[in-house]
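# A structural walkthrough
Letter by letter, the chains look like this.
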Amino acid sequence: MQRQTYGGNVFRVLSALVAFSGNVGKPGAGFLYLNGPDRRGIDMDTVAMPELAHGETPSISHMDLAATLEQPELAKALVTWNSNPAASSPEQRRLRKALTRDDLFHVAVELFHTDTTSYADIVLPAASFLECNDLVLSYFDLTLSAQAKAVDPPGDALPNHEIFRRLAGAMRYEEPALFESEADLIERLLEQTPYAGSFSDLAAAGTVTLYDEPQIQFPDLSFPTESKRIQLANDAAVELGLPRAPSAHADERAQPGFLRIVSPASAWLMNSSYGNDSVIQKKLGAPSIILHPEDAAEYGISDGDPIVLVNDIGRLTLTVTVSEIAQPGMGIVYKGRWPGTTDADANINALVSGRKSDLAENTTVHSTEVRLERV
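Calculation criteria
- Residues numbered from 1 in each chain as written.
- Predicted model: local features only at pLDDT ≥ 70, side-chain atom pairs only at ≥ 80, totals over all residues.
- Heavy atoms only, no water.
- Helix = DSSP H or I, 4+ residues; strand = E, 2+ residues; numbered from the N terminus.
- Rg over C-alpha atoms; globule rule 2.2 N^0.38 Å.
- Buried < 20%, exposed > 50% of the residue type's maximum accessible area, 1.4 Å probe, protein only.
- Contact = heavy atoms within 4.5 Å.
- Lys, Arg positive; Asp, Glu negative; His and termini not counted.
- Charge placed at Lys NZ, Arg CZ, Asp CG, Glu CD.
- Pairing = 2+ DSSP bridges.
- Axes fitted to C-alpha atoms, helices over the stretch in contact; angles between N-to-C directions.
- Core = buried A, V, L, I, M, F, W, Y, C linked by side-chain atoms within 4.5 Å.

### Side note on the overall build of the protein
Looking only at helices and strands, the protein features 11 helices and 12 strands. A compact globule built from 375 residues would reach a C-alpha radius of gyration of about 21 Å, and the protein, at 23 Å, matches this within 12%. Within the span of the protein, comprising 375 residues, buried residues form 38% of the whole. The contacts of the protein with a sequence gap of at least 6 include a subset with a gap of at least 24, amounting to 69%. Each charge class in the protein can be summarised by its mean position, and for the 30 positive and 50 negative side chains these summaries are 5 Å apart.

So, in structure tokens, the structure goes:
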């Protein structure tokens, strides 16, 4: 819901509904969107260790990735791991062009050859989740699971953390925290949780529920604001360029001659993971756009027709699927396909701009608008 032009406003409105309806400070209620590590007692600074940084640690939004990589004075080197930005980031053609810079040193840590590794100077083989121990924290349940190593990594493949330990050693860093073993770090994290056992105990159990009773968010009705109260209207929002209070507003309908595109997750992919699997590719079928029957009739197109989606970012050829799953004036194009597995060598991100939402520099992928052109 937040991945649109006024996504920040949307969540401010939802929070207001929670407050106005009294769904605060009692079981089954609250503002929670996802459960993070902190809901289990884990302090992620234990892993990130910001105290090791020398000076600031600047970050950029994915919306700015293409523009940043275009500029040698801003980006001299790129390391990618657990990510496939050539498939999953906006302004796809611009980004891929930036990745071809001769003076950009790019190291990719990967299990497979992806659209991103195609641009890498060095590819380091990574271990899979079946080849190392780890902790798994569900977004939606307050559980704790063991990712238990089943086999050793093949060949030269290594877990990410071992790659970075070796990199730290090669760069002659000496801080002990950079060389902490996987086992020691896991046990330290477990000690922060309500779970009383060791990693071996957790591996034997698989998944454990950490609390016997529902956890209540803000049980004392004290909130992390200056006034300790819920601030439906506040000056901090104005300082960010937002209205003082949220408004019951949704994005406008697409401009005449355009369709709004939403690109939710496919049932067969997890973001871009598994996009190279031949069985999954058969399940996905041909790259398509789902249109409501009214829109198909207006454009004079039928099920199975090829169509080109066009905007000022790019072009994308897809096959039409007619279904009432889509609303009138809106097309659905599922995200996550690897560009290199398609005839167009592109996916929906070829049409997605780097425009940010009204809050938190978030993507506006679901506010993408396109024209339809006949092939």
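### Comments concerning the sheet that holds strand E1 (residues 77-81)
Pairing in this open sheet of three strands is parallel, and the strands run E1-E2-E3 from one edge to the other. Each edge of the open sheet is held by one strand with a lone partner, namely E1 and strand E3 (122-125). Going across the sheet, the axis of each strand differs from the next one's by a mean of 15 degrees, ignoring polarity. Bridge analysis of strand E2 (residues 105-110) against E3 gives four bridges, and the strand direction is parallel. Counterpart to Ala108 in the pairing with E3 is Val123.

### Some remarks on the nonpolar core
One finds Ile289, Leu309 and Leu372 to be the most contacted residues of the largest nonpolar core, which totals 20 residues. Among the secondary structure elements, those contributing two or more residues to this core are strand E7 (259-262), strand E8 (288-291), strand E9 (306-310), strand E10 (315-322) and strand E12 (368-374). No other element matches the three residues that E10 contributes to this core. The contact partners of Leu372, leaving out residues within four places of it in the chain, are Leu259, Leu291, Tyr299, Ile301, Ile307, Val308 and Leu309. Leu144, Leu189, Leu190 and Leu202 belong to the second largest nonpolar core, which has 12 residues in total.

### Comments concerning helix H6 (residues 160-170)
All of the buried residues in H6 are Asn160, Glu162, Ile163, Arg165 and Ala168. On its buried face, H6 sits against E1, E2, E3 and helix H7 (182-192).

### A few points about the environment of Ala360
Mapped onto the fold, Ala360 is located in the loop between strand E11 (330-332) and E12. Separated by 359 residues in sequence, Ala360 and Met1 place their C-alpha atoms 14 Å apart.

### Focus: the side chain of Ser323
One can find Ser323 in the loop between E10 and E11. Assessed through its relative accessible area of 19%, Ser323 is described here as buried. In this structure, Ser323 is in contact with Ile290, Leu291, His292 and Pro293, ignoring residues within four places of it in sequence.

### Examining the pairing of E7
Burial along E7 is two-sided: Leu259 and Ile261 facing one way and Arg260 and Val262 facing the other are all buried. As paired strands, E7 and E12 are joined by three bridges and run antiparallel to one another. The partner of Leu259 across the bridge, within E12, is Val370. In this structure, E7 lies alongside E11, joined through three bridges in parallel fashion. Among the inter-strand pairings, Arg260 is bridged to a residue of E11, identified as Met330.

### Regarding the sheet that holds strand E4 (residues 134-136)
On the basis of which strands lie adjacent, the open sheet formed by three strands has the order E4-E5-E6 and antiparallel pairing. The open sheet is flanked by E4 and strand E6 (207-209), the only strands paired with a single partner. Neighbour to neighbour, the strand axes of the sheet diverge by 25 degrees on average, direction disregarded. Bridge count between strand E5 (residues 143-147) and E6: three bridges; the pairing is antiparallel. Within E6, the residue paired with Ser145 across the bridge is Thr207.

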